[in-house]
Amino acid sequence: MCGADGWDVGGRRADVRDADVLDRLLPGVDVVVHQAAKVGLGVDVADLPEYASVNVYGTAVLLAAMARHGVGRLVLASSMVIYGEGRYACAAHGQVRPGPRSVHDLEQGRFEPVCPRCGESLRWAVIEEDAPADPRNAYATSKLAQEHLAANWARETGGRVAALRYHNVYGPRMPRDTPYAGVAAIFRSELAAGRAPRVFEDGRQLRDFVHVRDVARANLAALSAPVPPGELRAWNIASGTPHTVGEMAQALAAERGGPSPRVTGEYRLGDVRHIVASPRRAEAELGFRAEIGFEVGMKEFARS
Ligand SMILES: O=c1ccn([C@@H]2O[C@H](COP(=O)(O)OP(=O)(O)O[C@H]3O[C@H](CO)[C@@H](O)[C@H](O)[C@H]3O)[C@@H](O)[C@H]2O)c(=O)[nH]1
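Residues numbered from 1 in each chain as written. Predicted model: local features only at pLDDT ≥ 70, side-chain atom pairs only at ≥ 80, totals over all residues. Heavy atoms only, no water.

Definition in use: UniProt positions are given in the numbering used here, feature names are shortened, and annotations may be inferred rather than shown by experiment.
Looking at an unreviewed UniProt entry, the protein carries the name UDP-glucose 4-epimerase, with the source organism given as [Actinomadura] parvosata subsp. kistnae. Under Sequence similarities (unreviewed entry), UniProt gives the following word-for-word description of the protein: "Belongs to the NAD(P)-dependent epimerase/dehydratase family."

Quick notes on the site of the ligand
Threshold: Definition of nearness: a residue and a molecule or strand are near each other if at least one heavy atom of the residue lies within 4 Å of the molecule or strand. Two N or O atoms count as a polar contact when they lie within 3.5 Å, although within protein this holds only if one can serve as hydrogen donor and the other as acceptor, and sequence-adjacent residues are included solely when both atoms are side-chain atoms. Under the convention used here, a 1.4 Å probe and the Shrake-Rupley method define accessible areas, while residue burial counts only the protein chains that appear. Helical segments are the DSSP runs of H or I of at least four residues, strand segments are the runs of E of at least two, and each set is numbered from the N terminus.
Near the ligand you find 21 residues, and of these Val183, Arg198, Phe200, Arg207 and Asp271 are the closest. Between arginine 198 and the ligand, the recorded distance is 2.8 Å, taken from a backbone N or O atom to a nitrogen atom. Contact between the ligand and phenylalanine 200: an oxygen atom at 2.7 Å from a main-chain N or O atom of the residue. Summarising the interface, the protein chains cover 95% of the accessible area of the ligand, which totals 680 Å² for the free molecule. Listed by contribution, the elements that provide at least two residues to the shell around the ligand are α5 (183–192) and β8 (198–199).

Some remarks on the pairing of strand β3 (residues 87–90)
Stated formally: For two strands to be treated as a pair, DSSP must find at least two bridges joining them.
One ladder, built from four bridges, connects β3 with strand β5 (residues 122–125); its direction is antiparallel. Each bridged residue has a counterpart across the sheet, and for cysteine 90 the counterpart in β5 is leucine 122. Counted along the chain from β3 to the antiparallel partner strand β4 (residues 94–96), the turn is three residues long.

Points about the confidence of the model for the protein
Should pLDDT be low for a region, the predicted coordinates there are not to be read in detail. The test is simple: On a scale of 0 to 100, pLDDT captures the predictor's confidence in every residue. Contacts between residues were defined by any pair of non-hydrogen atoms, one from each residue, lying within 4.5 Å.
Counting all residues, the mean pLDDT for the protein is 94, and 97% of those residues have values of 70 or more. Predicted confidence for residues 1–9 stays below pLDDT 50, and this span has eleven contacts to residues more than four positions away or in other chains. Across the interface, the model reports ipTM at 0.95; the global pTM reads 0.95.

A few points about the UniProt feature "domain: NAD-dependent epimerase/dehydratase" (unreviewed entry) in the protein
Within this structure's numbering, the places UniProt gives as "domain: NAD-dependent epimerase/dehydratase" (unreviewed entry) are residues 13–238. The annotated region residues 13–238 carries 33% helix and 20% strand content, and the separation between its end C-alpha atoms amounts to 28 Å.

Focus on the sheet that holds β3
Selection criterion: Each axis is a line fitted through C-alpha atoms, and for a helix only the stretch in contact is used; angles between axes span 0 to 180 degrees, taken between their N-to-C directions.
Within the open sheet, the three strands sit side by side as β4-β3-β5. Their pairing is antiparallel. Two strands close off the open sheet at either side, each with one partner strand: β4 and β5. Across this sheet, the average inter-strand angle for adjacent strands is 40°, counted without regard to direction.

Section: the sheet that holds strand β11 (residues 231–237)
Pairing is parallel in the open sheet, where four strands are placed in the order β1-β2-β6-β11. Two strands in the sheet have a free side with no partner beyond their single neighbour: β1 (31–34) and β11. The mean inter-strand angle of the sheet, taken between neighbouring strand axes irrespective of direction, is 20°. As paired strands, β1 and strand β2 (residues 73–79) are joined by four bridges and run parallel to one another. If you follow valine 31 over to β2, its bridge partner there is arginine 73. Relative to the sheet, helix α2 (residues 48–68) contacts β1 and β2, its axis offset from that of β1 by approximately 175°. Running at roughly 160° to β2, helix α4 (residues 138–157) makes contact with β1, β2, β6 (160–166) and β11 of the sheet.

What to know about the packing of α5 against helix α7 (residues 245–256)
Cut-off, in case you're wondering: When the near helix sits turned anticlockwise from the far one by under a right angle, the crossing is termed left-handed; a clockwise turn instead gives a right-handed crossing. The nonpolar class holds Ala, Val, Leu, Ile, Met, Phe, Trp, Tyr, Cys and Pro. Asp, Glu, Lys and Arg form the charged class, and all remaining residues, Gly among them, are polar.
For the pair α5 and α7, interaxial distance at closest approach is 10 Å and the crossing angle is 35°. Our pair here, α5 against α7, has a crossing hand that is right-handed. The segment α5 lies against α7, with Val183, Ala184, Phe187, Arg188, Leu191 and Ala192 engaging Val245, Met248, Ala249, Leu252, Ala253 and Arg256. Its residues assigned to classes, the contact of α5 with α7 comprises ten nonpolar, no polar and two charged.

Some remarks on the environment of methionine 248
In this fold, methionine 248 is placed in helix α7. Residues methionine 248 and leucine 206, 42 residues apart in the sequence, show an inter-C-alpha distance of 9.9 Å. Contacts of methionine 248, omitting those with residues within four sequence positions, involve Val183, Ala184, Phe187, Phe209, Phe294 and Met298.

Examining the state of the cysteines
Selection criterion: In plain terms, two cysteine sulfur atoms within 2.5 Å form what is called a disulfide here. Burial classes: relative accessible area under 20% of the type maximum marks a residue as buried, over 50% as exposed, and values in between as partly exposed (1.4 Å probe, protein chains only).
Under the defined criterion, the tally for this structure stands at zero disulfides. Between cysteine 115, a free cysteine, and cysteine 90, which holds the nearest cysteine sulfur, the sulfur-to-sulfur gap is 3.7 Å. Assessed through its relative accessible area of 2%, cysteine 115 is described here as buried. Cysteine 118 carries a free sulfur, and the closest cysteine sulfur to it, the one in cysteine 115, is 3.7 Å from it. Residue cysteine 118 is classed as partly exposed on the basis of its relative accessible area, which comes to 33%.

A short note on the packing of aromatic side chains
Test applied: Between the rings of Phe, Tyr and Trp (Trp by its six-membered ring), a pair exists once the centres lie within 6.5 Å; its type follows the angle of the planes, with under 30 degrees stacked, over 60 edge-to-face, and the other angles tilted. Whether a charge sits over a ring comes down to the Lys NZ or Arg CZ being within 6 Å of the ring centre and within 35 degrees of the ring normal.
Per the counting criterion, the structure on display carries three aromatic pairs. When the centroid spacing of 6.3 Å and the interplanar angle of 50° are considered together, the rings of phenylalanine 209 and phenylalanine 294 count as tilted. Residue phenylalanine 209 is located in strand β10 (residues 209–211), and its partner phenylalanine 294 is located in helix α9 (residues 294–303); the two are separated by 85 residues in the primary sequence. Looking at phenylalanine 209, the relative accessible area reads 4%, which means it is buried. Phenylalanine 294 sits in the buried class, given a relative accessible area of 11%. Above the plane of the ring of tyrosine 51 lies lysine 38, whose end atom (NZ or CZ) is 5.7 Å from the centre.

Quick look at the structure:
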């Protein structure tokens, strides 16, 4: 168990699905900060049971144990993946939601989503917390299920949930050499092995990369988040400054002295194209604002 600055505050490793361990740990606890999860887009549908087991069932076991021990507050590591494709506007039809990705389009190198009504190109826009959920892969579905279960728990027990919808978290101590991680960790592992990062699509897809120390600060702010009893409230945890995946690969490669990233044109059906969120609600209500900029954060991450 670690504090926000990495100090060891003691604790033990356990499986979140183990109700006996939770029954020993939870008496006397005021707030649970739930970060345990299986992350990443996964490899294929064979991953479905594990996402459901760790993320959905694990959260259910935790919430039931919190209810048994009268723990009244939960800070949940949620994710921007629950929005699916971000927000888009069509010149003719206003705000629209793109349909599922078409293999045909992706094979032709057409990565930008189009208007589901007229097929014309779209402009992306910033997404806010009240946007409808639209999970597009197993991980996203499991993160949304966590929010729903936590909201059920809050209603039944009068508890309070602060759901932090993390954007693309990166920083020291990310897992290495595993597909079950975000793209920043994957690129760093490639570079460390002397291989060029493989940038999918055309590399121009946008993400908001937010540093793990900023995310830790957001969690501290959320411990006393203004949530009425019986409710769940969500906040985007983002830097507010989007970058393309290609830029991120370049920044890491430059800091490590290569190899240069390779834009491969590969695609994953469960991916979304652009996802850019507004960090305004978190600033207004939690007093949280990311402090570690992209250049500084990526330099440190490349070497960590
Ligand atoms: O080797 C790779 C892997 C991914 N990508 C691209 O990078 C982007 C982001 O990928 P990734 O970080 O896997 O997915 P996101 O959906 O943006 O990220 C969220 O969802 C991931 C799982 O889907 C989590 O692991 C992250 O922490 C979370 O921020 C996508 O366009 C991918 O196609 C590449 O270009 N090369």
